[in-house]
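So you can see what is in the structure, the chains are spelled out below.
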Amino acid sequence: MKAFDLSQKVALVTGGNGGIGLGIARGLAKAGAAVAVAGRNRQKLSAATAELEGLGATALAVACDVTDAAAVAAMVEETQARLGGPDILVNNAGTNIRKRPEDLAAAEWQQVMDANLTSAFLCAKACYPIMKQAGGGKILNNGSMLSIFGAPWSPAYGASKGGLVQLTRSLAAAWAADNIQVNCILPGWIDTDLTRRARREVDGLNDHVLKRTPAARWGRPEDFEGLAAFFAGPASDFVTGAALPVDGGFSISL
Ligand code: NDP
């Protein structure tokens, strides 16, 4: 179906070397896009590109720390030089430091804000001139349930993910006339390295998630494949500034 066809398109997925980002990268590759995956861990990058190539896609690994503005500019330049585009940017890289506000150091606050929020601004800004010149583009940001809820253990993470929704709206309003659609997904509890670590740190988390999620299961990276093709393709050409929960009903249930 043409509405979900990404052939001839180039996507850049930050944190595309694992977890949700790799699920998104797989979805984009299956829809026909060439995909650059960016992250810091080179071993994970190689494994991810091998997997995407196994799906028949053109894939590129780009080592990049998205908190570094110069590295972000270089990442976008390398993608453009080796694959073309990017026509599609997915701001998925993210991290958390689980501490109560009174225990969180200012440097830790900054680290989380840089990785989750400032990175998305830097990546979007670096891609904008390319997308504008190409006559359009797609940007998908990865928020969280903590874009809408609060949690005692996540002051910086929550602030960064709430900020991502507002950044999404600002970029969407600014760049709609350039035919660039900017949207945000809000994942519920998804089974990845990040939450495996949380499950080790937080007693009873697994049971809480299963009980609290109406779908009664953890989400999986595969749950993001079709969604990515929707937000990256013509199907979403009149959808911009949206924040879509992908949460098995977590956010609509008491
Ligand atoms: P992962 O730990 O598997 O993914 C995090 C990704 O971000 C990794 O690929 C990591 O790459 C990359 N990353 C982190 N910091 C940087 C950095 N400074 N520069 C470049 N890349 C970086 O966990 P998830 O897949 O769960 O997380 C992906 C996103 O989804 C995050 O934004 C997270 O907040 C969000 N999310 C996850 C939820 C869940 O339940 N799992 C729920 C809601 C949102 P590398 O290891 O190479 O640095």
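On a predicted model such as this, the values are computed, not experimentally measured, just so you know.

A. Layout of the sheet that holds strand S2 (residues 34–39). Reading across from one edge, S3-S2-S1-S4-S5-S6-S7 is the order of the 7 strands in this open sheet, with parallel pairing throughout. Pairing within the sheet leaves two strands with one partner each, and these edge strands are strand S3 (59–63) and strand S7 (243–246). Put simply, the sheet's adjacent strands are angled 20 degrees from each other on average, direction ignored. Note: strand S1 (residues 10–14) against S2, 5 bridges, orientation parallel. If you follow threonine 14 over to S2, its bridge partner there is alanine 38. Strands in contact with helix H5 (residues 155–175) are strand S5 (137–142), strand S6 (180–187) and S7; relative to S6, the strand with the most contacts, it is inclined by about 165 degrees.

B. Expanded view of the packing of helix H4 (residues 106–134) against H5. Axis separation between H4 and H5 bottoms out at 8 Å; the angle between their running directions is 15 degrees. Viewed along their axes, H4 and H5 adopt a mutual orientation that is roughly parallel. Considering the relative orientation of H4 and H5, their crossing is right-handed. Contact residues: Trp109, Val112, Met113, Asn116, Leu117, Ala120, Phe121, Ala124, Lys125 and Tyr128 in H4; Pro155, Ala156, Tyr157, Ala159, Ser160, Lys161, Gly163, Leu164, Leu167, Leu171 and Trp175 in H5.

C. Representation of the site of the ligand. Around the ligand lies a shell of 28 residues, among which Asn17, Arg40, Asn41, Tyr157 and Thr192 are the nearest. In this structure, an oxygen atom belonging to the ligand sits 2.8 Å away from a main-chain N or O atom of asparagine 92. Glycine 94 is positioned such that a nitrogen or oxygen atom in its backbone is 3.3 Å from an oxygen atom of the ligand. Within the complex, the protein chains bury 93% of what would otherwise be the 870 Å² of accessible surface of the ligand. Of all the secondary structure elements, the ones that give two or more residues to the shell around the ligand are helix H1 (19–30), H5 and helix H6 (193–201). When residues in the shell around the ligand are grouped by element, the largest group, 3 residues, is from H6.

D. Seen up close, the pattern of salt bridges. Taken as a whole and assessed by the stated rule, the structure comprises 14 salt bridges. Between lysine 99 and glutamate 108 there is a salt bridge, with its nearest N and O atoms 2.7 Å apart. Put simply, aspartate 223 and arginine 217 hold a salt bridge, and the shortest N to O gap is 3.0 Å. Residue aspartate 223 is classed as partly exposed on the basis of its relative accessible area, which comes to 29%. Residue classification places arginine 217 among the partly exposed positions, given a relative accessible area of 32%.

E. Representation of the environment of arginine 199. Looking at the element boundaries, arginine 199 is found in helix H6. The contacts of arginine 199, once residues within four sequence positions are left out, are Asp191, Leu205, Asn206 and Trp218. Polar side-chain contacts of arginine 199 include one of 3.5 Å to the side chain of asparagine 206.

F. Structural detail: the side chain of asparagine 183. Residue placement: asparagine 183 occurs in strand S6. For asparagine 183, a relative accessible area of 1% gives the class buried. From its side chain, asparagine 183 meets the backbone nitrogen of glycine 241 in a polar contact 3.2 Å long. The residues contacting asparagine 183, other than those within four sequence positions of it, are Ile139, Leu140, Asn141, Thr168, Phe231, Val239, Thr240, Gly241 and Ala242.

Calculation notes
Residues numbered from 1 in each chain as written. Predicted model: local features only at pLDDT ≥ 70, side-chain atom pairs only at ≥ 80, totals over all residues. Heavy atoms only, no water. Pairing = 2+ DSSP bridges. Helix = DSSP H or I, 4+ residues; strand = E, 2+ residues; numbered from the N terminus. Axes fitted to C-alpha atoms, helices over the stretch in contact; angles between N-to-C directions. Contact = heavy atoms within 4.5 Å. Parallel < 35°, antiparallel > 145°, perpendicular 65-115°, else oblique. Left-handed = near helix turned anticlockwise from the far one by under 90°. Near = heavy atom within 4 Å. Polar contact = N/O pair within 3.5 Å; in protein donor to acceptor, adjacent residues only side chain to side chain. Areas by Shrake-Rupley, 256 points an atom, 1.4 Å probe, with all protein chains shown as cover. Salt bridge = Lys/Arg side-chain N within 4 Å of Asp/Glu carboxyl O. Buried < 20%, exposed > 50% of the residue type's maximum accessible area, 1.4 Å probe, protein only.

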